[in-house]
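Chain residues, written in single-letter form:
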Amino acid sequence: MATRRSVAIYARISQDRGGEGLGVDRQLQDCREKTARLGWTVADEYVDNDISAYDRRKKRPAYERMLADIAAGERDAVVVYHIDRLHRAPIELERFVDVCSIAGVKDLKTVSGDYDLGTGDGLLHARLLGIVAAAEGDAKSRRGKRKMREKAENGQPHGGGMRPFGFEKDQITHHPEEAAVIREAASRALAGESLTSLVRWLDEADVRTVTGRPWATTTLRQLLTNPRNWGVRTYKGAEPVKAVWEPIIDPADGARLRSVLLDPSRRTNRTARRYLLSGLGRCGRCGEVLVSHPKRGVRKYECRTSANHKGCGKISITAELLEEWVVEAVLHALDSPAMAQSLAPGSDDTETERIRAEVTRLRQRQEELAEMYADGEIDRAGWSTARNRMQNRVRDLDSALAGLTRRHAADPYLGKGEELRQQWEQMNLDRQVAIVKSVLNHVTVLPATVPGRHGLDPARVQPDWRR
Ligand SMILES: [Zn+2]
């Protein structure tokens, strides 16, 4: 009977017992000898390589294959060097015991001991050893974490792993060339240069990351916003502390870099909004918001009819022309005494209150209309028309409210339209949008009166200034 055994040998490489001669060859050799002593046959050897035994998220493909073979009835015994090779957590042992019990596999052999999974004692023994192994692993991982935290709290570098860009292998001494790169990139980013442009510069200068890869905007943002550069040691969940190494850049610059490069509006807008007047254009026929998109290579703002857009689809204008006109008008408006007065601090509170009151009134009116429709007092078309009109008005009011809170964007330029004009081209889109929105509620585009006309007919454009 014994000779008919079809044995699964399981081995696992990990660092948790490093230096104790637990190389996979040694494990396999001992298991084969054990199997031979029993007079059994090795059916297959299953070897996993997981470096840390106690990272339980890691999958073990060979182990899973072995369980599948046991479940399929193709194995009658398991031989393993030590029970801690087989399982990393008590819960895994329970699953193993379940699979074995369904398949009728009772023999679990290790080089140092045998477990009869078919008896209570054997099971208990296996479980106890499993628990001991798991506890050892937890303690080791806790010790590792405590040591890491201690280092962090003393401002010492992490130590392990790859050296950070800008530092030598000791993670304390500055790497002279790389530190110079960090300084220059930081000062250029603070001067308003985009990450894309900085990545291009690094590429042309043949500057690589510590892994030898080209820089990308994401990796460069991570680099420039890392407090390590200004001599601060951080550790997850702990107070940042002064690091033992010298700062590469000034801490004040570091704080500014974080606010510039980690500003969430800058990051989301970069992909979501690429047009200056997105959300600000209105159809002069139906009042819908104009949608911006390129059409045969030319950017347009258009009223659209589609599943998502309920416009009339009859208005379209070249984006560049409209943007030029609006920017000119905004610069001009900032110089006008009337605008200067309306934007002056102090007029905010009453205006905000007035807008909020109107929004509330409109929302109440919308509910009344819905009830009237429900009661059959008005028909669907009447309800729908009135509702759309009110929704558009609410949207305008919301954008006016948002403008009130964003108003400070244009404050430095009040009465200085000319100064703003000189800086305009160098500003990034988000800054430009903020300034436009701080003075303009929306801009309505009327139908073209002269067909095929080139350039912009100013009569088509009606700005609604914030008042
Ligand atoms: Zn329309």
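Rules used throughout
- Residues numbered from 1 in each chain as written.
- Predicted model: local features only at pLDDT ≥ 70, side-chain atom pairs only at ≥ 80, totals over all residues.
- Heavy atoms only, no water.
- Helix = DSSP H or I, 4+ residues; strand = E, 2+ residues; numbered from the N terminus.
- Buried < 20%, exposed > 50% of the residue type's maximum accessible area, 1.4 Å probe, protein only.
- Contact = heavy atoms within 4.5 Å.
- Areas by Shrake-Rupley, 256 points an atom, 1.4 Å probe, with all protein chains shown as cover.
- Patch = residues over 30% accessible without salt bridge, like charges linked within 9 Å, V, L, I, M, F, W, Y side chains within 5 Å.
- Salt bridge = Lys/Arg side-chain N within 4 Å of Asp/Glu carboxyl O.
- Lys, Arg positive; Asp, Glu negative; His and termini not counted.
- Charge placed at Lys NZ, Arg CZ, Asp CG, Glu CD.
- Axes fitted to C-alpha atoms, helices over the stretch in contact; angles between N-to-C directions.
- Parallel < 35°, antiparallel > 145°, perpendicular 65-115°, else oblique.
- Donors = N, O, S within 2.8 Å, 3.2 Å for Na, K, Ca; no water.
- Tetrahedral: all angles 85-135°; square planar, octahedral: opposite > 155°, others 65-115°.
- Pairing = 2+ DSSP bridges.
- Arc of directions from axis to C-beta.

Student: Describe in detail the overall build of the chain, supporting the description with residues and values.
Tutor: Counting its secondary structure elements, the chain contains 16 helices and 13 strands. Residues classed as buried in the chain amount to 42% of the 467 residues present. A separation threshold of at least 6 residues defines the contact pool for the chain, and within that pool the share at least 24 residues apart is 63%. Total accessible area on the chain stands at roughly 25600 Å², and carbon and sulfur atoms take up 51% of it.

Student: Would you mind going over a negative patch on the surface in detail, with residue names and values included?
Tutor: A surface patch of negative charge is lined by E367, E371, D375 and E377. Of note, E367 is situated in helix α13 (residues 348–374).

Student: Tell me about the packing of helix α2 (residues 61–71) against helix α4 (residues 90–103), residues and numbers included.
Tutor: Contact geometry for α2 and α4: axes closest at 8 Å, N-to-C directions at 25 degrees. Classified by the interaxial angle, the pair formed by α2 and α4 is roughly parallel. Between α2 and α4, the contacting residues are Y63, E64, M66, L67, I70 and A71 on the first element and E92, R95, F96, V99, C100 and A103 on the second.

Student: Please set out the coordination of the zinc ion residue by residue, giving values where relevant.
Tutor: Of the protein atoms, only C283 (SG), C286 (SG), C303 (SG) and C312 (SG) coordinate the zinc ion, at distances of 2.2 to 2.4 Å. Bound by four donor atoms, the zinc ion shows angles of 99 to 114 degrees at the metal and therefore tetrahedral coordination geometry. Within one chain, the residues serving as donors to the zinc ion are arranged as C-x2-C-x16-C-x8-C. Taken together, the residues span a long stretch of sequence, with C286 in the loop between β8 (281–283) and β9 (291–295) and C312 in the loop between β10 (298–302) and β11 (316–318) at a distance of 26 residues. By relative accessible area, which is 31% here, C286 ends up partly exposed.

Student: An account of the environment of G166 is requested, with residue identities and associated values reported.
Tutor: In this structure, G166 sits in the loop between α5 (120–153) and α6 (176–190). The class for G166 is buried, based on a relative accessible area of 0%. A sequence separation of 17 residues divides G166 from R183, and the C-alpha atoms of the two residues are 9.8 Å apart. Residue contacts for G166: discarding those within four places in its chain leaves T173, H174, H175, E178, A179, I182 and I248.

Student: Break down the sheet that holds strand β12 (residues 440–445) for me, citing the residues and quoting the values.
Tutor: Pairing in this open sheet of three strands is mixed, and the strands run β8-β12-β13 from one edge to the other. Among the strands making up the open sheet, the edge pair consists of β8 and β13 (461–465). Along the sheet, successive strands turn relative to each other by an average axial angle of 25 degrees, direction set aside. Pairing analysis gives five bridges linking β12 to β13, with the strands arranged antiparallel. Bridging from a neighbouring strand, H442 pairs with D464 of β13. Sheet contacts for helix α11 (residues 319–335): β12 and β13; angle to β13, the most-contacted strand, approximately 40 degrees.

Student: Please give an account of helix α8 (residues 217–224) that cites residues and values.
Tutor: Listed as buried for α8 are L220, R221, L223 and L224. The arc that holds the buried residues of α8, viewed along the axis, is 160 degrees, so those residues lie on one side.

Student: So, a nonpolar patch on the surface: which residues are in play, and what are the values?
Tutor: A cluster of nonpolar side chains, L124, L128 and I131, forms an exposed patch at the surface whose accessible area comes to about 280 Å². Mapped onto the secondary structure, L128 falls in helix α5. The exposure class of L128 is partly exposed, given its relative accessible area of 47%.

Student: Explain the sheet that holds β10 residue by residue, including any values.
Tutor: Pairing is antiparallel in the open sheet, where three strands are placed in the order β9-β10-β11. Here the strands that pair on one side only, and so sit at the sheet edges, are β9 and β11. Taking the axes of each pair of neighbouring strands and ignoring which way they run, one obtains an average angle of 35 degrees across the sheet. In terms of strand pairing, β10 meets β11 through three bridges, oriented antiparallel. Within the sheet, the bridge partner assigned to Y301 lies in β11 and is I317. Each of β10 and β11 touches α11; the most contacted strand, β10, lies at about 70 degrees to it.

Student: Describe the pattern of salt bridges, naming the residues involved and giving the relevant values.
Tutor: For side chains bearing opposite charge, pairing can occur when the charged atoms are close. Scanning the model with the defined rule gives 18 salt bridges in all. Linking K34 and D114 is a salt bridge whose minimum nitrogen-to-oxygen distance equals 2.9 Å. Residue K34 is located in helix α1 (residues 24–38), and its partner D114 is located in strand β5 (residues 114–116); the two are separated by 80 residues in the primary sequence. Under the relative-accessibility criterion, K34 is labelled buried at 10%. As a salt-bridge pair, E328 and R421 come within 2.7 Å of each other at their nearest N and O atoms. Of the two residues, E328 is situated in helix α11 and R421 in helix α15 (residues 417–424); the sequence distance between them amounts to 93 residues. Taken together, the shared-partner salt bridges in this structure form one network comprising K34, D107, K109 and D114.

Student: So what's going on with the pairing of β9? Residues and values would help.
Tutor: Strand residues, when the strand is regular, have side chains that alternate between the two faces of the sheet. Taken together, the five bridges between β9 and β10 define a ladder with antiparallel strand orientation. Looking at the pairing, P294 lines up with R299 of β10. From the end of β9 to the start of β10, which pair antiparallel, there are two residues, and R296 there has a positive phi angle of about 50 degrees.

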